[in-house]
Amino acid sequence: MFMFFCIRLKKFLICLAGILVLIMGGTVLTTKGFEQAAVAADAATDMSDTVKAAEKEIFVPSVMYHSLLKDPDRAGDYVVSPAVFEEDMRYLAEKGYETVFASDLIDFVEKGVPLPEKPVLVTFDDGYLNVMTYAYPYMKENGLKGVMNVVGTYTDLSTEQDEHNPAYSSLTWQEIAELSQSGVFEIGNHTYNMHSMTSRKGCKRIYGESYEEYRKSMFDDIAMLQGLLSDKSGVTPVTFAYPFGFISEDSVGILQDIGFKALLTCNEKPNYISRGDTECLLSINRYNRPAGISTEEFMEKLLKH
């Protein structure tokens, strides 16, 4: 529609140029008049191309890590070695990808703040200490960004009575504050105490539970973690990660009411975002990074679009 308007505008400007020449005393349309009109019309066409580019969908792959451990016996679907993580990051950099925060995606969609030409979202679920131990130094040295999605009960336990061992510990409230202030990580909410496979299955609505009961349960847990993160770590997340990827029809609106603008799923699909489309932020798909496959094999899946 916009391009059609520009074509009509171009024709109008050409006609207008001829009329102006006649008004200014000429009885013959001059070549110069046509050239001036053409320049104006070309400017309008360039403007339409700029608008079209700004509204273009951008492919944003997103990878989901959990725990990073050196012990090969611990490797599995949710545990990879620090060496594998570093190899993944080098591969992305070699292919021209630049890491971004979820808040960068929000700023692009809401305000038009430019993104890198090839953005990639790197996330870490559950808030394990070993991510700070192994990934953080490498990321800081190489100017990388990541999103750390923390579980409140894990953090409380580590803060109060943990031996603080990277093999099994989670981050403390103080360490979350340190990461959020580092410029390397931003913090996401992964529920306070819904990271379980009980009858609720993550934060999914229980069969027979009324909307009011479900909403209260979500606020009592997730909004409480927002308050704790604000009070103890000085950060208020705008990103929420669904535990195990379980989603209910009513969860999106409730999470928006709590204050979240970006919602991270476990759906292994490509992401496409565009300016002004806030809906695209409410289901950001992520590919889980397991052990047992090469960086090339995993990246072929992650970067396919």
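Residues numbered from 1 in each chain as written. Predicted model: local features only at pLDDT ≥ 70, side-chain atom pairs only at ≥ 80, totals over all residues. Heavy atoms only, no water.

Caption draft 1: Structural view of the overall build of the protein. Scanning the protein from terminus to terminus reveals 10 helices and 12 strands. Here the protein holds 305 residues, and 45% of them are scored as buried. Sequence separation of 24 or more characterises 67% of the internal contacts of the protein that already satisfy a separation of 6 or more. Surface summary for the protein: the accessible area is close to 15,500 Å², and the carbon and sulfur share equals 54%. (Helix = DSSP H or I, 4+ residues; strand = E, 2+ residues; numbered from the N terminus. Buried < 20%, exposed > 50% of the residue type's maximum accessible area, 1.4 Å probe, protein only. Contact = heavy atoms within 4.5 Å. Areas by Shrake-Rupley, 256 points an atom, 1.4 Å probe, with all protein chains shown as cover.)

Caption draft 2: Layout of the side chain of threonine 265. Summarising the element assignment, threonine 265 is placed in the loop between strand 10 (262-264) and strand 11 (272-273). Overall, the relative accessible area of 1% leaves threonine 265 in the buried class. In this structure the side chain of threonine 265 is engaged in a polar contact, spanning 3.3 Å, whose partner is the side chain of asparagine 285. (Polar contact = N/O pair within 3.5 Å; in protein donor to acceptor, adjacent residues only side chain to side chain.)

Caption draft 3: Examining the pattern of salt bridges more closely. Summed over all chains, the structure comprises 10 salt bridges. Linking aspartate 125 and arginine 286 is a salt bridge whose minimum nitrogen-to-oxygen distance equals 2.8 Å. Here aspartate 125, found in strand 6 (residues 119-126), pairs with arginine 286, found in the loop between strand 11 and strand 12 (287-288); they are 161 residues apart in sequence, far enough to count as distant. Owing to a relative accessible area of 0%, arginine 286 belongs among the buried residues under this scheme. Ionic pairing is found between glutamate 268 and lysine 301, a salt bridge with its closest N-O pair at 3.7 Å. Within this pair, whereas glutamate 268 is found in the loop between strand 10 and strand 11, its partner lysine 301 is found in helix 10 (residues 295-302), the two being separated by 33 residues in sequence. (Salt bridge = Lys/Arg side-chain N within 4 Å of Asp/Glu carboxyl O.)

Caption draft 4: Expanded view of unusual backbone geometry. With a phi close to 95 degrees, aspartate 126 is a non-glycine residue in the positive phi region. Residue position: aspartate 126 is located in strand 6. Positive phi outside glycine occurs at threonine 191, with the angle close to 80 degrees. Tracing the chain through its elements places threonine 191 in the loop between strand 8 (185-189) and helix 8 (211-233). Residue classification places threonine 191 among the buried positions, given a relative accessible area of 0%.

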